[in-house]
Amino acid sequence: MTKNSKQDAQCALPRNAILGGDCIELMNSLPENSVDLIFADPPYNLQLRGELNRPDNSKVDAVDDHWDQFDSFAAYDEFTRGWLAAARRLLKPNGAIWVIGSYHNIFRVGAALQNTGYWILNDVVWRKSNPMPNFRGKRLTNAHETMIWASKSEGAKYTFNYEALKALNEGVQMRSDWVLPICTGHERLKDEEGNKAHPTQKPQSLLHRVIVGSTNPGDVVLDPFFGTGTTGAVAKMLGRDFIGIEREESYRAIAEERIAQVKPYDKTALEVSTSKRAAPRVPFGQLVERGMLQPGDELYSTGNRYKAIVRADGTLVGKDFKGSIHQVGAHYEGAPSCNGWTYWHFKRDGQIIPIDVLRQQIRAEMEGRTN
């Protein structure tokens with residue numbers, strides 16, 4: 001494919017659209033390697049037998065729709081292999097997929113993911129804080145669902161906003177068990193008769209965490225089982241583009257109306273915490289090369305207890321030791337290591353300023369930002 005034909009194919013990607021029809025056929029019609037993330041909530045194949053009633057004999061609104069019914073496990077597996085292959089074709093080389101399911105299907109889906117070439121990164125347990133009871137009293141209350149997060153292939157440089165998820169979790173590393181409520185109250189969409197618009201509507205909180213954690217603003221998120229459009233609504237709020245595929249016309253109508261009412265957050269509000277490792281590397285010597293610090297300038301330690309002289313090659317020399325900003329700081333502190341960027345300070349107009357301020361100025365230029 002030529003450069004121009006690749007650009008034409010990319011232009012053909014139907015961003016922020018809901019497509020009606022068979023998900024496998026539609027995915028195979030879209031440009032290859034064009035999507036950053038796929039969130040899939042496929043039929044669970046619940047294998048329900050008869051009606052389910054509460055203790056007061058009222059009927060439970062369970063998932064008994066035709067789209068969740070398959071003749072056999074073999075038929076379900078064939079369907080799973082088909083849509084997973086189509087989805088993998090769409091993903092960019094560093095793209096990733098999230099698939100959610102219950103005990104009825106997630107183990108079969110997990111095996112199919114691996115057999116199709118995906119590389120599993122995590123399985124996440126969504127523990128429901130308000131699960132539906134087991135009304136028959138013959139099994140444990142089914143209080144969780146499982147999500148599988150996988151990259152397109154082993155070694156792919158998938159997006160993972162570690163610091164952003166850590167910030168969402170009050171500064172603690174995000175775990176693989178997420179306690180979030182199911183859809184209730186104002187979030188639960190209803191049809192004209194007041195019934196659930198969709199039996200397995202996912203909560204916005206779940207999609208918020210997935211999209212913030214594994215995409216960046218401007219990325220394309222595709223949902224091949226779009227339902228009433230939670231993925232599209234959250235993607236739009238968070239400044240991502242979405243593509244929804246849904247064969248049921250009634251669901252598409254609800255999703256379109258829902259997403260039309262969504263307003264994206266302000267661009268500034270969409271910025272998230274990033275890993276320091278992901279920031280551009282700036283050698284201390286670059287500050288000297290650019291004249292931000294001069295050879296012979298004095299640097300002062302935290303607490304102003306020690307000082308060192310900047311040398312032309314970007315090293316420091318102290319009273320009895322020389323080396324990098326990190327080595328000299330560690331020597332003075334008698335420590336195995338030291339972050340020289342936060343340890344050393346310079347003086348400007350009577351102010352003591354961390355040298356890391358100068359590094360951040362260079363990073364802002366490298367990333368195309370202004371101060």
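Predicted, not measured: the structure shown is a model, and the values here were computed from it.

K.L.:
Where do I start with the overall build of the protein in this structure?
P.N.:
A count of helical and extended segments in the protein gives twelve helices and 14 strands. Buried residues in the protein amount to 43% of all 371 residues. In the protein, of all internal contacts separated by at least 6 residues, the share reaching a separation of at least 24 is 67%. Accessible area for the protein stands at about 20300 Å²; split by element, carbon and sulfur atoms hold 48% of it.

K.L.:
For this particular structure, what's the right way to read helix α4 (residues 106–116)?
P.N.:
An α-helical turn contains 3.6 residues, so any two residues separated by three or four positions project in the same direction. Among the residues of α4, those classed as buried are I106, V109, G110, A112 and L113. For α4, the buried positions fall inside an angular range of 165° around the axis, keeping them on one side. Opposite the packed face of α4, turned more than 90 degrees from it, sit the exposed residues F107, Q114 and N115. G117 sits one or two residues past α4 and shows a positive phi near 115°.

K.L.:
When you look at helix α8 (residues 249–260) in this model, what are you seeing that I'm missing?
P.N.:
If you check α8, its first and last C-alpha atoms are 17 Å apart, about what twelve residues at 1.5 Å a residue would give, namely 16 Å. Those residues of α8 that sit buried are Y251, R252, A255, R258 and I259. The arc enclosing the buried residues of α8, seen along the axis, measures out at 130°, which places them on a common side. α8 presents E249, E257 and A260 as exposed residues on the side facing more than 90 degrees away from its buried surface.

K.L.:
Looking at this structure, I do not really get the packing of helix α6 (residues 204–214) against helix α7 (residues 230–237). What am I missing?
P.N.:
Two packed helices can be described by the angle between their axes and the distance between those axes. The contact between α6 and α7 brings their axes to 9 Å, and the two run at 55°. The orientation of α6 with respect to α7, classified from their angle, is oblique. In this structure, α6 meets α7 at a crossing whose hand is right-handed. Where α6 abuts α7, its residues Q204, L207, H208 and I211 lie against T230, T231, V234, A235 and M237. Residue composition of the contact of α6 with α7, grouped by class: five nonpolar, four polar and no charged.

K.L.:
What exactly am I supposed to notice about the side chain of R240 here?
P.N.:
Looking at the secondary structure, you find R240 in the loop between α7 and β8 (241–245). For the buried residue R240, which engages in no salt bridge, the nearest side chain bearing the opposite charge is D219, 5.8 Å off. In this structure the side chain of R240 is engaged in a polar contact, spanning 3.4 Å, whose partner is the backbone oxygen of N216. With residues up to four places along the chain from it excluded, the contact list for R240 reads N16, I211, V212, T215, N216, P217, G218, D219, V221 and A235.

K.L.:
Honestly, the pairing of strand β9 (residues 298–301) in this entry has me stumped. Any pointers?
P.N.:
Along any regular strand, the residues point their side chains to alternate faces of the sheet. The pairing of β9 with strand β10 (residues 307–310) spans three bridges and is classified as antiparallel. Of the residues in β10, the one forming a bridge with E298 is I309. What sits between β9 and β10 in their antiparallel hairpin is a turn of five residues, with G303 showing a positive phi close to 85°. Here two bridges tie β9 to strand β13 (residues 344–348), and the two strands are oriented antiparallel to one another. Its bridge partner being in β13, S301 is matched across the sheet by W344.

K.L.:
Even after reading the chapter, I still don't get the nonpolar core, so can you show me in this structure?
P.N.:
Across soluble globular proteins, nonpolar side chains have a tendency to be buried as a group. The biggest cluster of nonpolar side chains holds 33 residues, and the ones touching the most others in it are F39, W98, I100, M147, W178, L206 and V210. Setting aside anything within four residues of it in sequence, one finds M147 in contact with F39, W98, V99, I100, N122, D123, V124, W178, L206 and V210. Counting 31 residues, the second-largest nonpolar core is a separate cluster that includes Y76, F79, V109 and A150.

Thresholds applied
- Residues numbered from 1 in each chain as written.
- Predicted model: local features only at pLDDT ≥ 70, side-chain atom pairs only at ≥ 80, totals over all residues.
- Heavy atoms only, no water.
- Helix = DSSP H or I, 4+ residues; strand = E, 2+ residues; numbered from the N terminus.
- Buried < 20%, exposed > 50% of the residue type's maximum accessible area, 1.4 Å probe, protein only.
- Contact = heavy atoms within 4.5 Å.
- Areas by Shrake-Rupley, 256 points an atom, 1.4 Å probe, with all protein chains shown as cover.
- Arc of directions from axis to C-beta.
- Expected span 1.5 Å × (residues − 1).
- Axes fitted to C-alpha atoms, helices over the stretch in contact; angles between N-to-C directions.
- Parallel < 35°, antiparallel > 145°, perpendicular 65-115°, else oblique.
- Left-handed = near helix turned anticlockwise from the far one by under 90°.
- Nonpolar A, V, L, I, M, F, W, Y, C, P; charged D, E, K, R; others polar.
- Lys, Arg positive; Asp, Glu negative; His and termini not counted.
- Salt bridge = Lys/Arg side-chain N within 4 Å of Asp/Glu carboxyl O.
- Polar contact = N/O pair within 3.5 Å; in protein donor to acceptor, adjacent residues only side chain to side chain.
- Pairing = 2+ DSSP bridges.
- Core = buried A, V, L, I, M, F, W, Y, C linked by side-chain atoms within 4.5 Å.

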